[in-house]
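Secondary and tertiary structure notes
Listed here are the chains, written in short residue letters.
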Amino acid sequence: MFFHPMDFLIIIAFLLSLWAQFRVKGTFNRWSQVRAASGLTGREAARRMLDLNGLHDVPVEPVRGALSDHYDPIARVVRLSEPVYSERSIAAISVACHEVGHAIQHQHSYPMLVLRHRMFPVVRFASGIAPFLLIAGFLFHSLNMIGFGIIFFSAAVAFQLVTLPVEFNASSRARDLMVAEGFIHRDEERGVAKVLNAAALTYVAAALISLLELVKYILIFTSSNRD
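What this report covers is the structure whose coordinates are included nearby. (Residues numbered from 1 in each chain as written. Predicted model: local features only at pLDDT ≥ 70, side-chain atom pairs only at ≥ 80, totals over all residues. Heavy atoms only, no water.)

1. Remarks on the packing of helix 5 (residues 111–139) against helix 6 (residues 143–180)
As a reminder, the rule being used: Each axis is a line fitted through C-alpha atoms, and for a helix only the stretch in contact is used; angles between axes span 0 to 180 degrees, taken between their N-to-C directions. Secondary structure counts use DSSP, requiring at least four H or I residues in a row for a helix and at least two E residues in a row for a strand, with both numbered from the N terminus. In a left-handed crossing the near helix is turned counterclockwise from the far helix by less than a right angle, and in a right-handed crossing that turn is clockwise. Under the scheme applied here, ten amino acids are nonpolar (Ala, Val, Leu, Ile, Met, Phe, Trp, Tyr, Cys and Pro), four are charged (Asp, Glu, Lys and Arg), and all others, including Gly, are polar.
Two elements in contact, helix 5 and helix 6, have axes separated by 6 Å at closest approach and are oriented at 145°. Judged by the twist between their axes, the crossing of helix 5 over helix 6 is left-handed. Classifying every residue of the contact of helix 5 with helix 6 by side-chain character gives 27 nonpolar, four polar and one charged.

Here it is in structure tokens:
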């Protein structure tokens with residue numbers, strides 16, 4: 001129960017996650033020091049990209065915290081952290097336009113985003129109850145509890161896997177529009193790619209950890225069921 005061969009892979013994935021978080025902060029800080037040739041702030045780039053896509057009614061608001069940028073599909077608002085909102089760097093424009101990419105996905109009902117939104121209420125409940133079921137199942141040696149815990153945990157893992165194409169697609173949309181509309185120049189694409197790829201790696205690492213944990217629970221369940 002406490003030690004399993006899969007734990008070694010989970011530890012490696014956890015270290016990858018730590019490295020990814022360190023890298024995204026380092027990459028953002030590095031390219032925050034490089035002023036974009038267009039001279040746009042994150043807010044200005046986001047506002048222009050929204051307007052170019054007919055999203056005039058989607059506001060751009062500042063939010064506290066570092067790397068707390070996000071698109072709120074319920075309120076239909078793009079929220080940018082203070083360093084992104086007001087800075088004129090390649091990092092700021094990259095992050096701002098990535099979040100607008102999510103707004104554009106919402107506008108066009110991007111299938112994976114729609115699926116993610118529909119999954120969210122179920123996943124919020126499932127991710128809350130799964131740990132209790134798994135812990136109780138292992139403590140009381142209840143295969144039924146473990147089985148239900150695995151089912152609920154699977155929903156959370158599926159949510160993270162669905163998040164990956166959503167994030168990659170938003171970045172792809174952002175990069176194409178940023179170049180086409182002159183928000184960045186061709187020689188600045190390298191910086192944009194580094195910022196967005198570093199951010200994407202954090203999602204990949206998180207999904208990998210959850211997937212490996214799920215495999216571990218399934219292996220424990222199947223081996224216990226044979227005993």
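2. Here we look at the environment of Phe-168
For clarity, the threshold we go by: We call a residue buried when its accessible area falls under 20% of the maximum for its residue type, exposed when it is over 50%, and partly exposed in between, using a 1.4 Å probe and counting protein chains only. Contacts are residue-level and defined by heavy atoms, with any inter-residue pair within 4.5 Å sufficient.
On the secondary structure map, Phe-168 appears in helix 6. Among the residues examined, Phe-168 registers a relative accessible area of 43% and is labelled partly exposed. A C-alpha to C-alpha distance of 9.9 Å links Phe-168 and Ala-199, two positions 31 residues apart in sequence. In this view, Phe-168 contacts Ala-200 and Val-204; residues no more than four positions away in its chain are not counted.

3. Focus: a nonpolar patch on the surface
Going by this rule: Residues enter a patch when their relative accessible area is above 30% and they make no salt bridge; the linking distance is 9 Å between like charges and 5 Å between nonpolar side chains (Val, Leu, Ile, Met, Phe, Trp, Tyr). Computed with a 1.4 Å probe, the accessible areas rest on the Shrake-Rupley method; for each residue, only the protein chains presented here act as cover. What makes a salt bridge here is a side-chain nitrogen of Lys or Arg within 4 Å of a carboxyl oxygen of Asp or Glu, nothing more.
On the surface, Ile-11, Phe-14, Leu-15 and Leu-18 cluster together to form a nonpolar patch covering roughly 390 Å² of accessible area. Among the secondary structure elements, Ile-11 is positioned in helix 1 (residues 6–32).

4. Describing the pattern of salt bridges
Under the counting rule described, the total for this entry stands at seven salt bridges. A salt bridge links Arg-76 to Asp-57, with the shortest nitrogen-to-oxygen separation between them at 2.9 Å. Note that Arg-76 is positioned in the loop between strand 2 (70–72) and strand 3 (77–81) and Asp-57 in the loop between helix 2 (42–52) and strand 1 (60–63), a separation of 19 residues in sequence. Note on Arg-76: relative accessible area 28%, which makes it partly exposed. Of the residues examined, Asp-57 reaches a relative accessible area of 52% and is grouped as exposed. A salt bridge links Arg-79 to Glu-61, with the nearest nitrogen and oxygen atoms 3.6 Å apart. Taken together, the residues Arg-79 in strand 3 and Glu-61 in strand 1 connect sequence positions 18 residues apart. Taking the relative accessible area as the measure of exposure, Glu-61 reaches 32% and is therefore partly exposed.

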